[in-house]
Amino acid sequence: MNDYKAIIDKLNMMEHPEGGYYRRNWQSMLTGDVKDSAGKVVFPDRKIGSSIIYLLPSSQVTAWHRVSCDEMWHFYGGTTLRMYLLSISKGLETISLGPDVVKDEVVQFMVPRNTWFAAEVVNANSYTLCGCTLTPAFSYTDFELAERTKLVDEFPKFKDVIDKIYIRN
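It should be emphasised that the depicted structure is a prediction, and the values quoted were computed from it without experimental measurement.

Peer 1: Tell me about the packing of aromatic side chains, and please be specific about residues and values.
Peer 2: Evaluation of the coordinates by the stated rule reveals six aromatic pairs. Their ring planes at 85° and their centres at 4.9 Å tell us that Phe138 and Tyr140 sit as a pair that is edge-to-face. Judged by relative accessible area, which is 44%, Tyr140 ranks as partly exposed. Between Tyr140 and Phe143 the ring centres are 5.9 Å apart and the planes differ by 85°, which places this aromatic pair in the edge-to-face class. Of the aromatic side chains, those joined through ring pairs into one cluster are Tyr54, Trp73 and Phe117.

Put into C-alpha cells, the structure is as follows:
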C-alpha cells in the first residue's frame, strides 16, 4: 500500500509541519467576526472556513499540536487513523478514523478548538487519506506544536502515549 507517493504527486501535496502531506483545497470568501458562546469576538474579521486534503504515511505521525479553531476530520481512503486527544476536561480520548463503522470507526470526527492531539496510521506499510475542515479558516497564528516536557507536565498520567508519538516523530 505504499502507492501513496502517486497520490501526493497527483494531488500536488506538500510536506506539513506536523507530519504528513497536505494541500489546501478550499477557503471561504465569506468573512465575519466569530464569537464564542458568551458573545465575545474571538476571531475578528476572519474567513469563516477552510479545508485541506491530508495524507499520512504509516512511516510518519501527526505530531502533538493544537489549533484554536474547531477542526472536522473526514476519512477518504487508505487505512485507519488512530487519533489521540488530550484535554483537561476529558483526559485522553482515542478515536479511530476509518471506514469500518461497524467496528466503531468513524468517518468524521470533530477535534474541539484548543485540544492537543496527535495521530498515527494503524497498519504498517500503508497510509491514511483524509481531509480537515476548519472553522474559522486556518491560520498558522492559530497553530501550536507541543513541547514534549510541557505536555507531559500538563498531562503526566498520559506520558506513555505522549512519548509514543515523540519517539516516532
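Peer 1: Pulling in residues and values, what's your account of the state of the cysteines?
Peer 2: The final tally for this structure, using the stated rule, is zero disulfides. In this model Cys132 remains outside any disulfide bridge; the closest cysteine sulfur is found in Cys130, 5.3 Å from its own.

Peer 1: Outline the pattern of salt bridges, listing residues and values.
Peer 2: Tallied over the full model, the rule gives six salt bridges. Here Lys159 and Asp163 are joined by a salt bridge, their closest N and O atoms 2.5 Å apart. Highlighted residues: Lys159 and Asp163, both in helix α3 (residues 159–168), separated by four residues, approximately one helical turn. According to the relative accessible area criterion, Lys159 is partly exposed, its value standing at 34%. A relative accessible area of 11% places Asp163 in the buried class. If you follow the salt bridges from partner to partner, you end up with Arg148, Lys159 and Asp163 in one network.

Conventions and cut-offs
Residues numbered from 1 in each chain as written. Predicted model: local features only at pLDDT ≥ 70, side-chain atom pairs only at ≥ 80, totals over all residues. Heavy atoms only, no water. Phe/Tyr/Trp six-rings, centres within 6.5 Å; stacked < 30°, edge-to-face > 60°. Buried < 20%, exposed > 50% of the residue type's maximum accessible area, 1.4 Å probe, protein only. Disulfide = S-S within 2.5 Å. Salt bridge = Lys/Arg side-chain N within 4 Å of Asp/Glu carboxyl O. Helix = DSSP H or I, 4+ residues; strand = E, 2+ residues; numbered from the N terminus.

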